[in-house]
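Breakdown of the fold
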Amino acid sequence: MSEVKAGLRYTEEHEWAEKIGATSVRIGITDFAQHQLGDIVFVELPKLGAKLEAHAPMGTIESVKTVSDLFSPVAGTVTKVNEALLDSPELVNGEPYGAGWIVEVEIDGEIGQALESLLTAEAYGEFVASQD
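Residues numbered from 1 in each chain as written. Predicted model: local features only at pLDDT ≥ 70, side-chain atom pairs only at ≥ 80, totals over all residues. Heavy atoms only, no water.

Looking at an unreviewed UniProt entry, one finds the protein named Glycine cleavage system H protein and attributed to Paenibacillus tyrfis. In UniProt, the protein has this text filed under Subunit (unreviewed entry): "The glycine cleavage system is composed of four proteins: P, T, L and H." Turning to the protein, the UniProt annotation filed under Sequence similarities (unreviewed entry) states: "Belongs to the GcvH family." (UniProt positions renumbered as here; feature names shortened; annotations may be inferred.)

As structure tokens, then:
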């Protein structure tokens, strides 16, 4: 059973968003996604200052099995990237909700509204259960 962390918001593309400031979020992929991908060998990160659109590709993640797009759960501007993933992409496998985070984004518009459009932990857990 995949871990679904309470307090985060989720997408059906298996990304999570965590509010870390008044107008900013940290984004990563879920435990379910990293299990599906297998051993992660490379993460293509967006550039600092990149403008992201909600539910649009922001990079890629490569495993020994496949290459998958990473989708931004929110619209905004990239303010920080997890450079540790460049040398240690396997952090996503070991700590998808911790050291394996991908980017931090300054939200365009109202943060509450942006996060409310995403799945709650409970709804995402039900969605994942329906995928098995």
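Another point: the UniProt feature "modified residue: N6-lipoyllysine" (unreviewed entry) in the protein. On the UniProt side, "modified residue: N6-lipoyllysine" (unreviewed entry) is annotated at positions that read Lys65 here. Structurally, Lys65 is set in the loop between strand S6 (57–63) and strand S7 (67–71). Here Lys65 is in contact with His35, Gln36, Leu37 and Gly38, once residues within four sequence places are set aside. Within the structure, the side chain of Lys65 is placed 3.2 Å from the backbone oxygen of Gln36, a separation counted as a polar contact. (Helix = DSSP H or I, 4+ residues; strand = E, 2+ residues; numbered from the N terminus. Contact = heavy atoms within 4.5 Å. Polar contact = N/O pair within 3.5 Å; in protein donor to acceptor, adjacent residues only side chain to side chain.)

Relative to the assigned elements, Ile102 resides in the loop between helix H3 (91–94) and strand S9 (103–107). Given the relative accessible area of 0%, Ile102 is considered buried. Sequence separation between Ile102 and Ala84 is 18 residues, and the spatial gap between their C-alpha atoms is 9.4 Å. Those residues in contact with Ile102 that sit more than four places away from it in its chain are Ile27, Gly28, Ile29, Leu45, Met58, Leu70, Val81, Asn82 and Leu85. (Buried < 20%, exposed > 50% of the residue type's maximum accessible area, 1.4 Å probe, protein only.)

Leave glycine aside and you will find that most residues have negative phi; peptide bonds, for their part, are mostly trans. Even without being a glycine, His14 presents a positive backbone phi close to 75 degrees. Residue position: His14 is located in the loop between strand S1 (9–10) and strand S2 (15–19). For His55, which is not glycine, the phi torsion reads 65 degrees and is therefore positive. Mapped onto the elements, His55 comes out in the loop between strand S5 (51–52) and S6. His55 gets classed as partly exposed once you look at its relative accessible area, which sits at 41%.

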